[in-house]
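# Chains, contacts and geometry: an overview
What follows is the residue order along each chain.
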Amino acid sequence: NVELSGSVQGTFYVYVADGKAAVEPYKYDDYDVYFRADADEFMNVINGKKNIYDALAEGLVKVDGNTKKAVLFINAAF
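Now for a description of the structure that goes with this document. Going along each chain's sequence as written, the residues are numbered from 1 onward. With the structure being a predicted model, the display of local features is reserved for residues of pLDDT at least 70 and the display and counting of side-chain atom pairs for 80 or more, all residues being used for whole-chain, interface and lining totals. Side-chain measures here rest on the full set of heavy atoms in the structure, leaving out hydrogens and waters.

### Some details on the overall build of the protein chain
Tallying secondary structure elements over the protein chain gives 3 helices and 5 strands in all. Helix and strand definitions here come from DSSP, where helices need a minimum of 4 consecutive H or I residues and strands a minimum of 2 consecutive E residues; each element is numbered from the N-terminal end. Starting at the N terminus, the α and β elements of the protein chain follow one another as β-β-β-β-α-α-β-α. Here the protein chain has a C-alpha radius of gyration of 12 Å; the compact-globule value for 78 residues is 12 Å, and the two agree. In terms of overall dimensions, the protein chain has C-alpha extents of about 25 × 25 × 20 Å along its principal axes. Looking at the protein chain as a whole, 23% of its 78 residues qualify as buried. Expressed as a percentage of contacts within the protein chain between residues at least 6 apart in sequence, the contacts between residues at least 24 apart total 54%. By element, 48% of the accessible surface of the protein chain is carried by carbon and sulfur atoms, the whole surface being about 5100 Å². We treat Lys and Arg as the positive residues and Asp and Glu as the negative residues; His and chain ends play no part in the count. The location of each charge is read from NZ of Lys, CZ of Arg, CG of Asp or CD of Glu. Taking the average place of the 8 positive charges on the side chains of the protein chain and the average place of its 12 negative ones, the gap between the two points comes to 3 Å. Between the two quantities, the radius of gyration covers C-alpha atoms and the globule rule is 2.2 Å times the number of residues to the power 0.38. Only protein chains enter the area calculation, which uses a 1.4 Å probe; residues under 20% of their type maximum are buried, those over 50% are exposed, and those in between are partly exposed. By definition in these notes, contact holds between two residues if any of their heavy atoms fall within 4.5 Å. For accessible areas, the Shrake-Rupley method is used with a probe of radius 1.4 Å. Any residue's cover is judged against the shown protein chains and nothing else.

Set out below in structure tokens:
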């Protein structure tokens, strides 16, 4: 799950399929990893303007859940 706040708000189910990130507009209750971020900051990461690891270190993106799966997802999606 990815929970966005700020200019866009909501919770989205994001997964990797065939090497690409896919997004569904709903909250999945049995998630392995839960990301929380400001929508604009998250878009900066997605658009390559901000490195995901820098965003995590600066607290702009927060992660809860299975750390190993979070790293796998980050490497596949970003």
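### Notes on the nonpolar core
Nonpolar cores were defined as sets of buried Ala, Val, Leu, Ile, Met, Phe, Trp, Tyr and Cys residues, with membership established by side-chain atoms within 4.5 Å. Membership of the largest hydrophobic core comes to 15 residues, with the highest contact counts inside it found for Val2, Leu4, Phe35, Phe42, Ile52 and Val61. If you list the elements that add at least two residues to this core, you get β1 (2–5), β4 (33–38), α1 (39–46), α2 (52–57) and α3 (67–77).

### Some words on the pairing of β4
Whether two strands pair depends on DSSP finding at least two bridges between them. By the bridge criterion, 4 bridges tie β1 to β4 in an arrangement that is parallel. Residue Ser5 lies in a different strand from β4, and its bridge partner there is Asp38. Strand direction decides the pairing type here: β4 and strand β5 (residues 61–65), joined by 5 bridges, are antiparallel. Residue pairing across strands places Tyr34 opposite Asp64, the latter belonging to β5.

### Some points on the pattern of salt bridges
A side-chain nitrogen of Lys or Arg and a carboxyl oxygen of Asp or Glu constitute a salt bridge if their distance falls within 4 Å. For the structure on display, the rule yields 4 salt bridges. Between Glu3 and Arg36 there is a salt bridge, with its nearest N and O atoms 3.7 Å apart. You can see Glu3 sitting in strand β1 and its partner Arg36 sitting in strand β4, a full 33 residues away along the chain. Accessibility expressed as a relative area gives 29% for Glu3, which makes it partly exposed. The class of Arg36 is partly exposed, set by a relative accessible area of 33%. Look at the salt bridges and you will find they share partners, linking Glu3, Arg36 and Asp64 into a network.

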